[in-house]
Amino acid sequence: DASGFIVEDIKDMKTLSWTNFIPPTARVKSTMNGKFDADGKLVADAATKPSAGAFEARLDNLKGYIRGRVLPYLPLNQDFEAITLSETNLAEGAVFAYPPLPWIGARFKFEVREKDGTKCLTKTIDNKFFQRATVFLGAPDAKNYTIEADVMSDGKTLGTNIIKMSEVGVINQRYAVVLKGNAQQLEVSSNFERLRQSVDFNWRPKSWYHLKSRVDIAADGTGIVRAKAWKRGEPEPEAWTIEVKHKTAHQEGSPGLFGFSPQDMRVYIDNISVKSN
């Protein structure tokens, strides 16, 4: 009612009328790739097409709204080439596109832009509130997968010395695997006070690197987080750059991406791949 109290519990979902709903203020006009069946249950379409949107529910003169997303099964692959750059950043005059709508935490923190003759995910730097970004691509109960991506950071150097760079990486089963520019390290962390280990890794600004990570869980609940990084175009090294053991390992978690640009140095991500081990 007008005071926010529940006046009736609807037991039979079949009494509700559901329709796709696009808010009038929505910048991206999108609907969920699914529909409500005769029993009032939301069912995704058979095609594994990622999507997100809202539904409006009606009962007599009452109406309400839900939002949701449809995610495909693994493998996931995204190179951004099929995305049309139809927006314009008024402050910079640059054309861009919003990231895929089903991705959680991506909008306003990343944009799809042209870079080095290709389209890639580009960290925004115009809003300091969004300088740190963690983006989730898949289901929260995903596990036993390998995630890979090409990554790059802008930066400034003085001779061979790094003056400033940013941080970029991937999320694997609740573990952040991040290339840290100023520290020149590859770091694995999960809530800094719980787990944080790193190794030295020399990487340069304005050069693409390939980052790869997998998490292996044993029957006793322990786990090992493995990651490697190398310059894109060079042969993949056989050995892992870092291997971190965790006594109480995370058993599941959505694949994701990470970017941190505190010094207005953009980071870039491209050619994302997530596949079952």
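Only a predicted model underlies this, so the values are computations on that prediction, with no experimental measurement involved. (Residues numbered from 1 in each chain as written. Predicted model: local features only at pLDDT ≥ 70, side-chain atom pairs only at ≥ 80, totals over all residues. Heavy atoms only, no water.)

1. Considering the packing of aromatic side chains
Inspection of every chain in the model, using the stated rule, returns nine aromatic pairs. Relative to Trp-103, the ring of Phe-80 has its centre 6.0 Å away and its plane inclined at 80°; by these criteria the two rings are edge-to-face. A residue pair is termed long-range when its members are at least 10 positions apart, and Phe-80 in the loop between β6 (76-78) and β7 (87-89) and Trp-103 in the loop between β8 (94-96) and β9 (110-115) qualify at 23 residues. The cationic tip of Arg-132 hangs over the ring face of Phe-260; the distance from NZ or CZ to the ring centre is 3.9 Å. Here the basic side chain of Lys-228 rests over the ring of Trp-240, its NZ or CZ set 4.6 Å away from the ring centre. (Phe/Tyr/Trp six-rings, centres within 6.5 Å; stacked < 30°, edge-to-face > 60°. Helix = DSSP H or I, 4+ residues; strand = E, 2+ residues; numbered from the N terminus. Lys NZ or Arg CZ within 6 Å of the ring centre and 35° of its normal.)

2. A word on the nonpolar core
Counting residues in hydrophobic clusters, the biggest one holds 43 residues, and the most contacted among them are Trp-103, Leu-257 and Ile-269. If we skip the residues at most four places from it in the chain, Leu-257 touches Trp-103, Leu-121, Ala-133, Thr-134, Val-135, Leu-137, Gly-169, Val-170, Ile-171, Ile-269 and Ile-272. Counting five residues, the second largest nonpolar core, distinct from the first, contains Ile-171, Ala-176, Val-178 and Phe-258. (Core = buried A, V, L, I, M, F, W, Y, C linked by side-chain atoms within 4.5 Å. Buried < 20%, exposed > 50% of the residue type's maximum accessible area, 1.4 Å probe, protein only. Contact = heavy atoms within 4.5 Å.)

3. Quick notes on the sheet that holds strand β22 (residues 256-260)
The six strands lie next to each other as β11-β22-β15-β16-β17-β18, forming an open sheet whose pairing is antiparallel. Strands at the two margins of the open sheet, each flanked by one partner only, are β11 (132-136) and β18 (195-200). For this sheet the average axis-to-axis angle between neighbouring strands, irrespective of direction, equals 15°. Judged from the five bridges that link them, β11 and β22 form a sheet pairing that is antiparallel. Bridging from a neighbouring strand, Arg-132 pairs with Phe-260 of β22. (Pairing = 2+ DSSP bridges. Axes fitted to C-alpha atoms, helices over the stretch in contact; angles between N-to-C directions.)

4. Describing the layout of surface pockets
If you add up the space inside the largest pocket, you get close to 570 Å³. Surrounding the largest pocket, 27 residues form its lining, Gln-78, Pro-99, Pro-100, Leu-101 and Pro-102 being those nearest its centre. Among the elements of the structure, β4 (51-59) and β6 are those that each provide at least two residues to the lining of the largest pocket. When residues of the lining of the largest pocket are assigned to their parent elements, the largest contribution, three residues, is made by β6. Tallied by class, residues from the lining of the largest pocket come to 18 nonpolar, seven polar and two charged. (1 Å grid on protein atoms, 1.4 Å probe; cavity = no way out; pocket = protein on both sides within 12 Å on 5 of 7 lines; lining within 4 Å. Points joined across faces, edges and corners; volume = space filled by probe spheres on them. Nonpolar A, V, L, I, M, F, W, Y, C, P; charged D, E, K, R; others polar.)

5. Remarks on the pattern of salt bridges
Under the criterion given, the structure shown has 17 salt bridges. A salt bridge links Arg-27 to Glu-87, with the shortest nitrogen-to-oxygen separation between them at 3.3 Å. Linking Arg-27 in the loop between β1 (17-21) and β2 (34-36) with Glu-87 in strand β7, this pair joins segments that are 60 residues apart in sequence. Two residues, Lys-180 and Glu-167, come together in a salt bridge whose shortest N-O distance is 3.2 Å. With Lys-180 in strand β16 (residues 175-180) and Glu-167 in strand β15 (residues 167-172), this pair connects stretches of sequence that are 13 residues apart. Summarising the burial analysis for this pair, Lys-180 and Glu-167 share the class buried. Taken together, the shared-partner salt bridges in this structure form one network comprising Glu-92, Glu-111, Arg-113 and Arg-266. (Salt bridge = Lys/Arg side-chain N within 4 Å of Asp/Glu carboxyl O.)

6. What to know about unusual backbone geometry
With an omega of 5°, the peptide bond between Leu-74 and Pro-75 qualifies as cis. Relative to the assigned elements, Pro-75 resides in the loop between β5 (62-70) and β6.

7. Some thoughts on the side chain of Thr-118
If you trace the backbone, Thr-118 turns up in strand β10 (residues 118-123). For Thr-118, a relative accessible area of 17% translates into the label buried. Within the local environment of Thr-118, its side chain forms a polar contact with the side chain of Glu-81, the two groups lying 2.4 Å apart. Those residues in contact with Thr-118, other than ones at most four positions away along the chain, are Glu-81, Arg-113 and Asp-270. (Polar contact = N/O pair within 3.5 Å; in protein donor to acceptor, adjacent residues only side chain to side chain.)

8. A word on the environment of Ala-142
Along the polypeptide, Ala-142 turns up in the loop between β11 and β12 (145-153). For Ala-142, a relative accessible area of 14% puts it in the buried group. Between the C-alpha atom of Ala-142 and that of Asn-172, which follows or precedes it by 30 residues, the distance is 9.4 Å. The contact partners of Ala-142, leaving out residues within four places of it in the chain, are Gln-173, Glu-252, Gly-253 and Pro-255.

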